[in-house]
Amino acid sequence: FVANIYDSVQEVLGVANSLQIGSYPRFTAITPLHDLDVLYILGQWNPQQHDPNQALTNLEAQLNADYENPTHYAAVISRQTHSITIKFMDGEDEVFGVDVVPAYVSGTNNYGEDMYVVPEIAVKAHRERRQLREAVSKGERQMAWIPSDPRGYIAVARQLNAVNEDFRKAVKFAKGWRASCKAADDDFPLKSFHLEQAITRWVAAHPQTDIFDIIFEFFCCLPDFIRYPQIPDRADPTRNIDGYVAELSEADRRKVIEARDGFLIKLE
């Protein structure tokens, strides 16, 4: 199902111009899979020529004109602040979604692979996204472009998984725990990508560890992970992928730690 949808998006964007990003190509997606993130690569970056709003307008028009729905669900195309979304609807229920983010090639990473710039909201924390959307919609500020390195994150995950398949299994296990917490409390603050990168760093330092030790170490260290931002973004070391933890209240941190304690008691 996902492959058919991705193929249908590539029919519009072009195979060479599309890149799956997010947890799916990093082998760490959990089921049920609800969405797919795709970069639409528009060419080489030139800060003097490229306007995010124009890129989004052109992309929306292109999808509306050329997209062919391969499913029996209704496909609804809409513009978000940083992307164009295709929602597959069963009546009023969203079955699946594709988020297409425009991007330009801008440099290479340490693997010699392309890096990109994307509309800045694509990597913002939820609260920052809402504030930025409001400011842009009111005309109070313009959308900017920021660096992004999805291929680098995919390469790291691919290497770790080749050395130790328990890496992706441990990440999926921890993500499943986080999803259950989120299902019970929609305000549960821990972010999935933060969780994944915390495990990634630990497994990179202990590549032969088995799944139990990976999971146990993650949950034991979880309070430290939410004390302050500490994981630099591959594309911009001055920014942290866990920057949102600086905004967490003590109540937010207690919520995560109490959920963690409950899990460790069950694990024991």
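Whatever comes next refers back to the structure up there.
These numbers come from a predicted model, not from an experiment.

**Regarding the pairing of strand β6 (residues 114-119)**
Now for step 1: Buried residues dominate β6, accounting for 5 of its 6 residues.
Now for step 2: Between strand β5 (residues 93-108) and β6, which pair antiparallel in sequence order, lie 5 residues; one of them, G112, sits at a positive phi of approximately 75 degrees.
Now for step 3: Sheet topology note: the β6/strand β7 (residues 145-148) ladder contains 4 bridges and is antiparallel. Within β7, the position partnered with V117 by the bridge is P147.

**Section: the pattern of salt bridges**
Now for step 1: Overall, the coordinates contain 9 salt bridges when judged by the stated rule.
Now for step 2: For K175, the salt bridge is made with E196, and the minimal N-O distance between the two is 2.9 Å. Placement of K175 in helix α5 (residues 166-184) and of E196 in helix α6 (residues 192-205) is noted, with a sequence separation of 21 residues between them.
Now for step 3: Under the relative-accessibility criterion, K175 is labelled buried at 6%.
Now for step 4: Across the pair R239 and D233 runs a salt bridge whose closest N-O atoms are separated by 2.8 Å.
Now for step 5: Residue D233 is classed as buried on the basis of its relative accessible area of 9%.
Now for step 6: Counted as one network, the salt bridges with shared partners bring together R26, K175 and E196.

**Concerning the nonpolar core**
Now for step 1: Within the largest apolar cluster, 32 residues are counted, with the highest numbers of intra-cluster contacts made by F167, W177, L190, I199, F218, F219 and L222.
Now for step 2: The set of elements that each furnish at least two residues to this core consists of α4 (150-163), α5, α6, α7 (211-225) and α8 (250-267).
Now for step 3: With 7 residues, the top contributor of residues to this core is α7.
Now for step 4: If we ignore the near neighbours within four places in the chain, the residues touching L190 are W177, R178, L195, L222, I226, Y244 and V256.
Now for step 5: Grouped together as the second largest cluster of nonpolar side chains are 21 residues, V2, Y6, L36 and L56 included.

**Comments concerning the side chain of N164**
Now for step 1: In this fold, N164 is placed in the loop between α4 and α5.
Now for step 2: Residue classification places N164 among the buried residues on the basis of a relative accessible area of 8%.
Now for step 3: Only 2.9 Å separates the side chain of N164 from the backbone oxygen of P207, close enough to count as a polar contact.

**So, the packing of α5 against α6**
Now for step 1: Where α5 contacts α6, the two axes come as close as 10 Å, and the packing angle between them is 150 degrees. As the angle between them shows, α5 and α6 are arranged roughly antiparallel. The interaxial crossing formed by α5 with α6 has right-handed handedness. Note on element contacts: α6 touches α5 through S192, L195, E196, I199, T200 and V203, opposite F167, A170, V171, A174, K175 and R178.

**What about helix α1 (residues 2-13)?**
Now for step 1: When the terminal C-alpha atoms of α1 are compared, their 16 Å separation across 12 residues agrees well with the 16 Å that a helix rising 1.5 Å per residue should span.
Now for step 2: Within the sequence span of α1, burial applies to V2, I5, Y6, S8, V9, Q10, V12 and L13.
Now for step 3: The elements touched by buried residues of α1 are β1 (18-21), β2 (35-44), α2 (52-66), β4 (84-90) and β5.
Now for step 4: Of the residues one or two after α1, G14 is the one with positive phi, at around 100 degrees.

**Topic: α6**
Now for step 1: Look at α6: 21 Å from first C-alpha to last across 14 residues, which is about the 20 Å you get at 1.5 Å a residue.
Now for step 2: Packed against the buried residues of α6 are α4, α5 and α7.

**Looking at a negative patch on the surface**
Now for step 1: Among the surface-exposed residues, D7, E11, D66 and E68 lie close enough to one another that they form a single negatively charged patch.
Now for step 2: Note on placement: D66 falls in helix α2.

Cut-offs applied
- Residues numbered from 1 in each chain as written.
- Predicted model: local features only at pLDDT ≥ 70, side-chain atom pairs only at ≥ 80, totals over all residues.
- Heavy atoms only, no water.
- Buried < 20%, exposed > 50% of the residue type's maximum accessible area, 1.4 Å probe, protein only.
- Helix = DSSP H or I, 4+ residues; strand = E, 2+ residues; numbered from the N terminus.
- Pairing = 2+ DSSP bridges.
- Salt bridge = Lys/Arg side-chain N within 4 Å of Asp/Glu carboxyl O.
- Core = buried A, V, L, I, M, F, W, Y, C linked by side-chain atoms within 4.5 Å.
- Contact = heavy atoms within 4.5 Å.
- Polar contact = N/O pair within 3.5 Å; in protein donor to acceptor, adjacent residues only side chain to side chain.
- Axes fitted to C-alpha atoms, helices over the stretch in contact; angles between N-to-C directions.
- Parallel < 35°, antiparallel > 145°, perpendicular 65-115°, else oblique.
- Left-handed = near helix turned anticlockwise from the far one by under 90°.
- Expected span 1.5 Å × (residues − 1).
- Patch = residues over 30% accessible without salt bridge, like charges linked within 9 Å, V, L, I, M, F, W, Y side chains within 5 Å.
- Areas by Shrake-Rupley, 256 points an atom, 1.4 Å probe, with all protein chains shown as cover.
- Lys, Arg positive; Asp, Glu negative; His and termini not counted.
- Charge placed at Lys NZ, Arg CZ, Asp CG, Glu CD.

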